Amino acid sequence: MDFTLKIWKQANSKAKGKFETFKVKDISADCSFLEMLDILNEDLIDKVQLPINFDHDCREGICGMCSLYINGRPHGPDQGITVCQMHMRNFKNGSKIVIEPWRSKAFPVIKDLMVDRSAFDEIIQAGGYVSVTTGGVPDANSIPIRKELADLSMDAAACIGCGACVATCKNASAMLFVSAKVSQFALLPQGKVEAKRRVQAMVAKMDELGFGNCTNTYACEAECPKNISVSNIARMNREFLGAKLGAQKA
Amino acid sequence: MSSSALTFSSVTKKIVMSLMGLFLIIFLLVHLTVNLFLLFDPTRELFNVAAHFMATNPVLKIMEISLFAGFIIHILFGLILQIQNWLARPKRYKVEGYSHTSFFSKFMIHTGIVILIFLVLHLLDFYFKLKFGDVPNMIIHGHEYPDMGLVVIEKFSITSFIIIYIIALIILGFHLHHAFQSAFQSLGLNHTKYTPVIKALGTIYSIVVALGFIIIPLYIYFY
Ligand code: FES
C-alpha cells in the first residue's frame, strides 16, 4: 500500500512548526501504524534527514504512550484501540493521512508529534492514590467487595492515561481521565476513606492546569481506546457535589 | 460574582449550568401552556387572564425575579465556560474532530447565542410592551385586563416576524435536545436503566416545546 502523509513538524516547544508531506511505498496492510512510521523514519535516516519524533513504548496497547491524532481522530479510525495496535488496513490504498500531535494548552508539544503529558501525572499526584501505612500484606478477600463494584472499578482502572479524551474533546477537557481515576478508588472500600479529599484535590488540580470544562459532548467516550464510560464523569460529579455539600465547617 | 465565577471549579460550574437549565426547562413548559390557551380560546379571555395572573401574582413575581436571575446566570456561566474552553486549545487542529457524538452538543454556544438574541427581541416585543408600553385593555367578567392576546395575534400576522420566530424556536429545540439529558449527567444522575429514558424524554420534550410554540403562530396566520 502507498500513502501520502501530512505530518506536523516542530523542532522544539518554542518553534513555530508546520506540516510537511512525506510519501511511503509498499507498506503491508498488516503493518501497524507505528511500524509504518518506523519504515518512514528508516528511510529518512538513510537520506540523512531528521526522523519524525513520536511517543511510543509498549506497542501493545497498555502503556498509553502512543498519541497520534490521525485524520481528525485520536488513535486513528479504529474504535477502542490505541494507535500502536491499529493497522494500515484501516486506510484506503493511496489515501492521504494527516497526523497531528494532541492539541491542548495543558499538553504542550515537545517535538513534532510528541507532547508533554506530565499534567496527568500532576493530577494523579494531587490525589490519585490510596495512602497506606506499612505493615504485613493483608490477606486476599479480607475485605468483602461486591462483584459488580469490583467490575466497575476495574473498568475505570482500564484507563491508560493516554490523553485521547483531552485530544478529542472540543473543550480539551480532562474529565474522562480524572473521573476514571476518581472512580476506580471511590468504588472500593480501600479508596472510600479518602474519597472526599481526593475528588476535590484532583478536580482543583485539573482546573489549575488549564484543561477545559466538560460540556457533555461525549466525544471522549467515543474515542477512548479503553472504552471508559462517561458514567464515570457522572460519578465524579456526584462525589464532588457530596464532598462539597457534606463538608463540615473548618 | 463574575470574579468568583471564574474561580469556581469546572464541576461546580457545570452543576450550576444544569440547575439553571432545568429551571428554564420547567419555565418553558409553563410558558407553552399559557400560549396554547390562545389556540383553544378564540375570545383570548383565557390567555389574557392567565397572562395577567402570571404577571401579577405575588408568588409568581418572586419567580419572575428568579427567572431573570436564572437566565443571567445560565448565560454568564455559559459564556465563561466557552471562553475558558477556547483558551484550553490555543492551537487548533488542521482536521477538526468528527467523533461519533451527539451532534447538537457541539453547537451549544452557537444555538445559545441565537436564543439570547431572540430572547432580547422577544422581551422587547412582549414583556416590556406589557410593562412599559401601551397595551389595549379588555373587559372580562367586569374586570379590566391588558389584552396581550391581541398584541400576540397582531405580531403573528407579520410574515417576517413568524419566519424569525419559527427559526429561533427550531434552534431552541436543538439547544434543548442536548440540554435536557446533559443536565442530568452534570448532576451525576447517570444510570444504565434510567439514562436511556431521560434521553428519550429529552428528545420528546425538545420536539414538543419547539413544535408547540411553532404551531401557534402558524395557526393564527393561516386561520
Ligand atoms: S505504545 Fe503503549 S499503548 Fe501504544
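To be clear, the structure that these remarks concern was listed above.
## Let's talk about a nonpolar patch on the surface
Residue and element names in this part refer to chain B.
And then number 1: On the surface, Leu79, Ile83, Trp86, Leu87, Ile113, Ile117, Val120, Leu121, Leu124, Phe128 and Phe132 cluster together into a nonpolar patch covering about 1,100 Å² of accessible area.
And then number 2: Taken together, the elements giving at least two residues each to the nonpolar patch come down to helix 4 (58-87) and helix 5 (108-132).
And then number 3: Per-element accounting of the nonpolar patch gives the leading share, seven residues, to helix 5.
And then number 4: Here Ile117 is to be found in helix 5.

## Brief notes about the pattern of salt bridges
All names here are of chain A.
And then number 1: Using the criterion set out here, one finds 18 salt bridges over all chains in the structure.
And then number 2: As a salt-bridge pair, Lys9 and Asp112 come within 3.2 Å of each other at their nearest N and O atoms. You can see Lys9 sitting in strand 1 (residues 3-9) and its partner Asp112 sitting in the loop between strand 6 (109-111) and strand 7 (114-115), a full 103 residues away along the chain. With respect to burial, Lys9 and Asp112 carry one shared label: buried.
And then number 3: With a closest N to O distance of 2.9 Å, Arg89 and Asp30 form a salt bridge. Note that Arg89 is positioned in the loop between strand 4 (73-74) and strand 5 (96-100) and Asp30 in the loop between strand 2 (18-24) and helix 1 (33-46), a separation of 59 residues in sequence.
And then number 4: Among the ionic contacts, a cluster of salt bridges with common partners joins Glu122, Lys205 and Glu208.

## Digging into the packing of aromatic side chains
All names here are of chain B.
And then number 1: Tallied over the entire structure, the rule returns 24 aromatic pairs over all chains.
And then number 2: Measuring from centroid to centroid gives 5.9 Å for Phe8 and Phe77, while their planes differ by 35°, and the two rings are tilted. In this pair, Phe8 sits in the loop between helix 1 (2-7) and helix 2 (10-40) while Phe77 sits in helix 4, placing the two residues 69 residues apart along the sequence.
And then number 3: Ring centres of Phe103 and Phe107 lie 5.2 Å apart, and the angle between their planes is 55°; on these two criteria the pair is classed as tilted.

Criteria and thresholds
- Residues numbered from 1 in each chain as written.
- Chains lettered and ligands numbered in written order.
- Predicted model: local features only at pLDDT ≥ 70, side-chain atom pairs only at ≥ 80, totals over all residues.
- Heavy atoms only, no water.
- Patch = residues over 30% accessible without salt bridge, like charges linked within 9 Å, V, L, I, M, F, W, Y side chains within 5 Å.
- Areas by Shrake-Rupley, 256 points an atom, 1.4 Å probe, with all protein chains shown as cover.
- Salt bridge = Lys/Arg side-chain N within 4 Å of Asp/Glu carboxyl O.
- Helix = DSSP H or I, 4+ residues; strand = E, 2+ residues; numbered from the N terminus.
- Buried < 20%, exposed > 50% of the residue type's maximum accessible area, 1.4 Å probe, protein only.
- Phe/Tyr/Trp six-rings, centres within 6.5 Å; stacked < 30°, edge-to-face > 60°.

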